[in-house]
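Spelled out from the first residue to the last, the chains are:
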Amino acid sequence: QVELVESGGGWVQAGGSLRLSCAASGSSFTSNAMGWFRQFPRKEREFLAYSTAGGYMRHDDSAKGRFTVSRDNAKKTMYLQMNSLKPEDTAVYYCAARSTPWGSTRHAEYPYWGQGTQVTVSS
């Protein structure tokens, strides 16, 4: 069992920054790979980044250079630092976790999800 809670979303003007947090509880945090996804209206969830139990971080091409995933095992929290935000980044952002230590870019391979946090970027 893994429980996830996202926070840190909100409104920001284009060019600004936000830092999302995903607090995990339940099973062993260090044994789980975790990922960030976002979902636009009427579309399926899209991969942004993941963090493996071994400390490897992967970012989607759309996120490289602007978004950075990090992980604090002591606090059992994963973060997504988002810089240079654009209006097209407006979406619901989700935290996800797997019961395996390696990550995946496919949302269907993550059985545990948070409720999501809204990010709205305006110009």
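Up top is the structure.
A quick note: this is a predicted structure, and the numbers were derived from the prediction, not measured.

Asker: Would you mind going over the pairing of strand β1 (residues 2–7) in detail, with residue names and values included?
Answerer: Of the two faces of β1, the one lined by V2, L4 and E6 is fully buried and the one lined by E3, V5 and S7 carries no buried residue. In the sheet, β1 pairs with strand β3 (residues 18–26) via six bridges, with the strands oriented antiparallel. From the neighbouring strand, V2 faces β3, where its bridge partner is G26.

Asker: Go over the pattern of salt bridges with me, naming the residues and quoting the values.
Answerer: Summed over the entire model, instances satisfying the criterion amount to five salt bridges. In this structure, R38 and D89 form a salt bridge, with 2.9 Å as the shortest nitrogen-oxygen distance. With R38 in strand β4 (residues 34–39) and D89 in the loop between β8 (77–82) and β9 (91–97), this residue pair connects regions lying 51 residues apart in the sequence. Judged by its relative accessible area of 7%, R38 is buried. Two residues, D61 and K64, come together in a salt bridge whose shortest N-O distance is 3.3 Å. There is no split in this pair, since D61 and K64 are both exposed.

Asker: Report on the nonpolar core, specifying residues and quantitative values.
Answerer: Judged by nonpolar contacts, the single largest core of 25 residues is most densely connected at L4, M34, W36, F67, L80, M82 and Y93. For this core, the secondary-structure elements that each account for two or more residues are β1, β3, β4, β5 (46–51), β7 (67–72), β8, β9 and β11 (117–122). Not counting residues up to four positions away in its chain, the partners in contact with L4 are C22, A23, A24, M34, C95, A96, A97, Y112, W113 and G114. F37, Y50, A96 and Y110 belong to the second largest nonpolar core, which has five residues in total.

Asker: Provide a residue-level description of unusual backbone geometry, including the pertinent values.
Answerer: For residues that are not glycine, phi is negative in most cases, and the peptide bond is trans in most cases. Backbone geometry places K76, a non-glycine residue, at a positive phi of 50 degrees. Tracing the backbone shows K76 in the loop between β7 and β8. Phi is positive for S84, close to 50 degrees, though the residue is something other than glycine. Take S84: it is sitting in the loop between β8 and β9. Assessed through its relative accessible area of 41%, S84 is described here as partly exposed.

Asker: Go over the sheet that holds β7, please, and point to the residues and values.
Answerer: Taking strand neighbours across the sheet as the criterion, the four strands line up as β1-β3-β8-β7 in an open arrangement whose pairing is antiparallel. Here the strands that pair on one side only, and so sit at the sheet edges, are β1 and β7. Strand-to-strand twist across the sheet, computed as the mean angle between neighbouring axes with direction ignored, equals 20 degrees. Here β7 runs beside β8; their pairing, made up of six bridges, is antiparallel. The partner of R71 across the bridge, within β8, is M78.

Rules and cut-offs
Residues numbered from 1 in each chain as written. Predicted model: local features only at pLDDT ≥ 70, side-chain atom pairs only at ≥ 80, totals over all residues. Heavy atoms only, no water. Buried < 20%, exposed > 50% of the residue type's maximum accessible area, 1.4 Å probe, protein only. Helix = DSSP H or I, 4+ residues; strand = E, 2+ residues; numbered from the N terminus. Pairing = 2+ DSSP bridges. Salt bridge = Lys/Arg side-chain N within 4 Å of Asp/Glu carboxyl O. Core = buried A, V, L, I, M, F, W, Y, C linked by side-chain atoms within 4.5 Å. Contact = heavy atoms within 4.5 Å. Axes fitted to C-alpha atoms, helices over the stretch in contact; angles between N-to-C directions.

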